[in-house]
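What follows is the residue order along each chain.
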Amino acid sequence: MAMTPSAPKPEDSQLGKTSAYKDQYDPGLLFPLPRATKREEIGIPQLKKGSTLPFLGADLWTAYELSWLNARGKPQVAIAHITVPCETPNIVESKSFKLYLNSFNNTQFADVDEVKVRLRVDLSEAVWRGSGKSGFVGLRLLTPEQFDQEPIHELDGLSLDRLDVECTQYQPAPELLSAAFDEQPVTETLTSSLLKSNCLVTGQPDWGSVQISYSGPQIDQAGLLQYLVSFRQHNEFHEQCVERIYMDVMRRCKPTKLTVYARYTRRGGLDINPWRSSHPQTLPPNVRTARQ
């Protein structure tokens, strides 16, 4: 009887391993990882036909180290903004994405439009692979004359970091979350620059800023800050951390509306900024925080 191939695992990727960098275009370098395993861990069942996720959203990637050769062999550079819908069955492991981008370095393309097509087709295939479905990632390339349009702006909202709180837990502790269910509901946006987690495979630190916007019972701010700090020694990819935060806040504080957005410091020329929301709204702008 034929055996069903097992799903790719993070430890099967190039993370934490010595890698040969290819400088000729190779889409086979992309390594998709299923979202389902970690989603099941935090109580999000695998999507079946007709079912939906408990949130909307996307993973907003910025690739700062993208270069290729034009038809005359002259190097070209660009910044790529990639939008991966959260309903895709896979994420792309970040080191494999960096290796893939490096494979453009010494490859000739007719023009920037050809580069866009290759990026969109390859990334779309990877994030939908194995699902029997198809779709396209969002893609925008900025050429050097547009680099000055990239704003640097801190996340809007009231900073939780102003609070002088004692922090003693450094693994996710949702029990720290609470809300004033017997008081009038509020609408507010809270931020922190103290989010830190570690790579699921290598243990390398991932630094981020987080913005939580909600309507509903007022969330205890001290407890929320302590909760965010509790990710400090937790090993998980960016997308998984944000979904865990979203689900914990929704379950413990029961807001009527909730949006969680994290902007992580780039590593190896790539940043991953997940955004999850309970309701349709415009995607957050592509801005960098000072730490990025």
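Placed above this text is the structure.
Residues numbered from 1 in each chain as written. Predicted model: local features only at pLDDT ≥ 70, side-chain atom pairs only at ≥ 80, totals over all residues. Heavy atoms only, no water.

A. Examining the overall build of the chain more closely. Along the backbone of the chain there are five helices and twelve strands. If you line up the chain on its principal axes, its C-alpha atoms span 70 × 60 × 35 Å. Relative to its 292 residues, the chain shows a buried fraction of 49%. Pairs at least 24 apart in sequence give 75% of the contacts found in the chain among residues at least 6 apart. When the accessible surface of the chain is summed, it comes to about 14,400 Å², and 52% of that surface belongs to carbon and sulfur atoms. For the chain, the separation between the mean place of its 32 positive charges and that of its 34 negative charges on side chains is 4 Å. (Helix = DSSP H or I, 4+ residues; strand = E, 2+ residues; numbered from the N terminus. Buried < 20%, exposed > 50% of the residue type's maximum accessible area, 1.4 Å probe, protein only. Contact = heavy atoms within 4.5 Å. Areas by Shrake-Rupley, 256 points an atom, 1.4 Å probe, with all protein chains shown as cover. Lys, Arg positive; Asp, Glu negative; His and termini not counted. Charge placed at Lys NZ, Arg CZ, Asp CG, Glu CD.)

B. Looking closely at helix α5 (residues 238–253). The terminal C-alpha atoms of α5 lie 22 Å apart, and with 16 residues this matches the ideal 22 Å at 1.5 Å per residue to within 8%. Most of α5 sits out of view: 13 of its 16 residues are buried. Where α5 ends, the next residue or the one after it, Lys254, has phi of about 50°, a positive value. (Expected span 1.5 Å × (residues − 1).)

C. Seen up close, the side chain of Ser192. Considering the arrangement of structural elements, one finds Ser192 in strand β8 (residues 186–198). On the accessibility criterion, Ser192 (2% relative accessible area) is buried. A polar contact of 2.7 Å, which involves the side chain of Ser192, links it to the side chain of Asp161. (Polar contact = N/O pair within 3.5 Å; in protein donor to acceptor, adjacent residues only side chain to side chain.)

D. How the structure looks around the nonpolar core. In this structure, Ile212, Leu224, Leu228, Ile245, Val249 and Val260 are the most contacted members of the largest nonpolar core, which totals 31 residues. For this core, the secondary-structure elements that each account for two or more residues are β8, β9 (205–216), α4 (221–229), α5 and β11 (257–264). Element by element, the count of residues in this core is highest for α5, at seven residues. By size, the runner-up hydrophobic cluster in this structure holds 28 residues, among which are Phe104, Phe109, Leu119 and Ile272. (Core = buried A, V, L, I, M, F, W, Y, C linked by side-chain atoms within 4.5 Å.)

E. Up close: the sheet that holds strand β6 (residues 158–159). Taken in spatial order, the eight strands of this open sheet run β5-β3-β2-β12-β11-β9-β8-β6, and their pairing is mixed. Edge positions in the sheet fall to β5 (138–142) and β6, since each has one partner strand and no second. Pairing between strand β3 (residues 75–85) and β5: five bridges, direction antiparallel. Following the sheet pairing, Ala80 is matched in β5 by Leu141. Strand contacts of helix α3 (residues 112–128): β2 (56–69), β3 and β5, with the helix running at about 150° to β5, the strand carrying the most contacts. Running at roughly 25° to β8, α4 makes contact with β6, β8 and β9 of the sheet. (Pairing = 2+ DSSP bridges. Axes fitted to C-alpha atoms, helices over the stretch in contact; angles between N-to-C directions.)

F. Fine view of helix α2 (residues 94–102). Among the nine residues that make up α2, seven are buried, leaving the element largely enclosed by the rest of the structure. Those residues of α2 that sit buried are Lys95, Ser96, Phe97, Lys98, Leu99, Tyr100 and Leu101. Two or three places before Lys95, at the opening of α2, Glu93 has a side-chain oxygen 2.6 Å from that residue's backbone nitrogen.

G. Spotlight on the pairing of strand β12 (residues 270–277). Among the eight residues of β12, eight are classified as buried, and the element is accordingly described as predominantly covered. Of the two faces of β12, the one lined by Leu270, Ile272, Pro274 and Arg276 and the one lined by Asp271, Asn273, Trp275 and Ser277 are each fully buried. Direction of pairing for β2 relative to β12: antiparallel, over a ladder of eight bridges. By the bridge assignment for β12, Leu60 is matched with Asn273. Pairing of β11 with β12, which is carried by three bridges, proceeds in the antiparallel orientation. Bridging from a neighbouring strand, Val260 pairs with Arg276 of β12. Joining the antiparallel neighbours β11 and β12 is a turn of five residues, in which Gly268 adopts a positive phi near 65°.

H. Structural context of the pairing of β11. Judged by how many residues are buried, β11 sits mostly within the fold: seven of eight residues are covered. Bridge count for β9 against β11 is eight bridges, and the pairing is antiparallel. Each residue of the ladder has a partner; that of Ser215, found in β11, is Lys257.

I. Structural detail: a nonpolar patch on the surface. Taken together, the side chains of Val117, Val121 and Phe136 present a nonpolar region at the surface, about 270 Å² in accessible area. Secondary-structure assignment places Val121 in helix α3. Judged by its relative accessible area of 35%, Val121 falls in the partly exposed class. (Patch = residues over 30% accessible without salt bridge, like charges linked within 9 Å, V, L, I, M, F, W, Y side chains within 5 Å. Salt bridge = Lys/Arg side-chain N within 4 Å of Asp/Glu carboxyl O.)

J. Broad picture of the side chain of Ser230. Relative to the helices and strands, Ser230 resides in the loop between α4 and α5. Look at Ser230 and you get buried, because its relative accessible area is 0%.

Read these as geometric descriptors, not functional statements.
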